Amino acid sequence: MKLIPEHIIQTEPQAHGQLLLSLAFMFIFLLFPFVSWEVLIGLFFGLFLAIRHLENRPERLGMFEPMLKIRSPQYLVVSVFILLLVSFVLNLFSATYPLFVIGQTITISTIGLGVATIVRCHMKSKYVSLTKNDYPSKKYINDPNSLNLIPSSISMLVTGIIFASIAGAWIVYWQGSGISYNLVFFVAVIGSITAALFESIPSKINENISIPLGAGMAMWLFVSFGYSIPPQQIIFALLFSLFLGFLAYYAKIADISASLSATLIGVLIIAFSNIYWFVLLLTFFILGGMFTKYKYKLKESMGIAEAKGGVRNYENVFSNSTAALILAIAYGIYPQHGELIIFAYLGTVATAAGDTLASEIGTTSNQKPRMITNLRPVRTGIDGGVTLLGELASIGGSAVIAIMAVAFGMVDNITAALFITIAGGFLGTNVDSLLGATLQSRGLLSNSGVNFVATFIGAIISAGLYLLLF
C-alpha cells in the first residue's frame, strides 16, 4: 500500500516512510491522560527496542515496512522519550513539564509534518513536470530555487495548530488539571510556528529530532511563564505576522526561514507587548532590505554585497531580534518596569537599524574607511572599518526608530526618546564595529554573533542612560 503516487515518491524517496511513520504515531496522544508517567516512559522505551529489533525483520511490519528504510521512527521515539524523561525528572523536583505539551509535540511532529510532506512532494512533482515538458517555462529551467515551498510551511503551520490544540485540550480535559484552554491554544501556535521554521531550514539533522525537541522546548518555555492571551488576539497576531513575513518573502527581502522566524517573533512580541513594538522592529528590517539594494551593483563589483541579492535568512532575523524579543516578553511579565524596558527595546532596535544602515550606506562612501581600533585607512568591506557617512547613517537609522516610537505613543518625552535611542543605537553600532575588528577578524565570532552581542549592548546602553538620567 502506498499513500502517495509513485511519481511523487520519486521526487522525495523518504516521503512514503515519513507518511507511514506519521500514520503509525499520530493518535498515540489519546493514551496520555489515562496512563502513568512510568507507563508512558516504558511504552516509548519499548517502542524503541521493538523498532531496533524489526530493523532485521522488516517483513513483519507488512505495509509499514517502508518506515524502516529511514531512521526517522527511532528518532521520533527517542525525541518523545527524552521529553517524557525530562518531564518525569522535573516533577520529582516540584517543577513541571506538562503532559499536554508532549501530546501537542507528537501531533505537530506527525500530523503536521505528514501533511507538509504531502504538499511538499506535490510541489516538487509539479516542478519536475514543468522542467521536463517540451516547452518549459524559462523560470523553471535549471533553477531549483524557483520551487515555492511556502504551501508546505503554511500547511504544516495550520495543521499543527489545529491538531495540537485538539491534543492539548483532550489531555487537559481528561486530566482535570485546570489549565486554561487559552494557554493550550497559545502554546499550540508557538509550537507549530517553531516546527514550521525547523521544517523550512535545510539541515543534516533529521526532522524527527529537530521538530519534536525544538517545538517541545519552545512550548515548555512559554507554558512556564503562565502567560496567554485570548484566541482572537493570538489569531490576529499570527495572521498579521504571517502576512508581513511573506510580503517580505515576495519582495525578496527574506527567504522562507526568515519569514517564519519573523512570524514567530511577531506573534510573541504582539502577544507580550503590542503591535507597535513589532512594527518598530519591522521598520529595521524594511530599512535594511531597502538599503541592502542601494547601489547593489557597485557593492557587488567591490565584492562586499550581501549574498543572494540581499535576501535575509533566519540567522539574520534571530541575531538582530533576539534581544528585542526578550525585552518584549519581559515587558509583558514585568509591567512595573515598563518604561525602562521600552527604552532598552528602543536601544536594541536602533542598534540593529543603525548598524545595517552604516554598513550598507557607509560602504558606498568615496572616503577611505578607517579601522575603528587605530583609525588607519583600510580597504572597503574590512570588518571594523568605519566612515563618516556610515556614522551619520547609523545616527539617521536610530533617529527613525526614536521618531516612530514617539509617533506610536511608546514614550512621551520626545527629547529623552531621541537622545537615549540615538545614543544607544550609535554606540551599539560602534561596538558592533569594534567586535568586528577584534573578535570577528580572529574567527571568534561570526557576523551573526557580532550582531547578536551588539544588539544586547545597545539595549544595555539605552537602559543605563535611562536610569542615569531619570
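Residues numbered from 1 in each chain as written. Predicted model: local features only at pLDDT ≥ 70, side-chain atom pairs only at ≥ 80, totals over all residues. Heavy atoms only, no water.

Re helix α2 (residues 15–25)
(1) Moving on: With respect to burial, α2 is a largely interior element, 9 of its 11 residues being buried.
(2) Moving on: Within α2, burial applies to Ala15, His16, Gly17, Gln18, Leu19, Leu20, Leu21, Ser22 and Phe25. (Buried < 20%, exposed > 50% of the residue type's maximum accessible area, 1.4 Å probe, protein only. Helix = DSSP H or I, 4+ residues; strand = E, 2+ residues; numbered from the N terminus.)

Considerations on the nonpolar core
(1) Moving on: In terms of nonpolar packing, the biggest core is built from 105 residues, with Phe186, Ile269, Leu281, Tyr345 and Leu346 touching the most fellow members.
(2) Moving on: For this core, the leading source of residues is helix α7 (residues 181–200), giving 12 residues.
(3) Moving on: In contact with Tyr345, other than residues within four places in its own chain, are Ile269, Trp277, Phe278, Leu280, Leu281, Ala324, Leu327, Ala328 and Met410. (Core = buried A, V, L, I, M, F, W, Y, C linked by side-chain atoms within 4.5 Å. Contact = heavy atoms within 4.5 Å.)

Overview of the environment of Asn182
(1) Moving on: Mapped onto the fold, Asn182 is located in helix α7.
(2) Moving on: Overall, Asn182 belongs to the partly exposed group, its relative accessible area being 29%.
(3) Moving on: Those residues within four positions of Asn182 in sequence are excluded, and the remaining contacts are Ser228, Ile229, Pro230 and Pro231.

Brief notes about the environment of Thr117
(1) Moving on: Looking at the element boundaries, Thr117 is found in helix α5 (residues 99–132).
(2) Moving on: Discounting residues that sit within four places of it in the chain, Thr117 has contacts with Ala15, Gln18 and Leu19.

Focus on the packing of helix α13 (residues 314–333) against helix α17 (residues 447–469)
(1) Moving on: One can describe the packing of α13 onto α17 by two numbers: an axis separation of 8 Å at closest approach and a directional angle of 20°. The angle between α13 and α17 places the two elements in the roughly parallel class. Classified by chirality, the crossing of α17 by α13 is right-handed. Between α13 and α17, the contacting residues are Glu315, Phe318, Ser319, Asn320, Thr322, Ala323, Ile326 and Leu327 on the first element and Ser448, Asn451, Phe452, Thr455, Phe456 and Ala459 on the second. (Axes fitted to C-alpha atoms, helices over the stretch in contact; angles between N-to-C directions. Parallel < 35°, antiparallel > 145°, perpendicular 65-115°, else oblique. Left-handed = near helix turned anticlockwise from the far one by under 90°.)

Considering a nonpolar patch on the surface
(1) Moving on: Side chains of Phe34, Tyr173, Trp174 and Tyr181 sit close together on the surface and give an oily, nonpolar patch of about 510 Å² of accessible area.
(2) Moving on: Following the sequence through the fold, Tyr173 ends up in helix α6 (residues 150–175).
(3) Moving on: Taking relative accessible area as the criterion, Tyr173 reaches 55% and is therefore assigned exposed. (Patch = residues over 30% accessible without salt bridge, like charges linked within 9 Å, V, L, I, M, F, W, Y side chains within 5 Å. Areas by Shrake-Rupley, 256 points an atom, 1.4 Å probe, with all protein chains shown as cover. Salt bridge = Lys/Arg side-chain N within 4 Å of Asp/Glu carboxyl O.)

Quick word on the packing of helix α11 (residues 275–292) against α13
(1) Moving on: In contact at an axis separation of 11 Å, α11 and α13 are set at 165° when each is read in the N-to-C sense. When the axes of α11 and α13 are compared, the pair comes out roughly antiparallel. Crossing of α11 against α13: the hand is right-handed. Every residue of α13 that contacts α11 at Trp277, Leu281, Phe284 and Phe285 is listed here: Val317, Asn320, Ser321, Ala324, Leu327, Ala328 and Tyr331.

Quick look at the side chain of Thr107
(1) Moving on: Mapped onto the elements of the fold, Thr107 is located in helix α5.
(2) Moving on: Residue classification places Thr107 among the buried positions, given a relative accessible area of 1%.
(3) Moving on: Here Thr107 is in contact with Met26, Phe29, Gly112, Phe163, Ala164 and Ala167, once residues within four sequence places are set aside.

Details of the packing of aromatic side chains
(1) Moving on: What the rule picks out here adds up to 21 aromatic pairs.
(2) Moving on: Between the aromatic rings of Trp277 and Tyr345, the centroid separation amounts to 4.5 Å while the plane-to-plane angle is 45°, which identifies the pairing as tilted. Residue Trp277 is found in helix α11, and its partner Tyr345 is found in helix α14 (residues 338–362); the two are separated by 68 residues along the sequence.
(3) Moving on: Of the residues examined, Trp277 reaches a relative accessible area of 1% and is grouped as buried.
(4) Moving on: Judged by its relative accessible area of 0%, Tyr345 is buried. (Phe/Tyr/Trp six-rings, centres within 6.5 Å; stacked < 30°, edge-to-face > 60°.)

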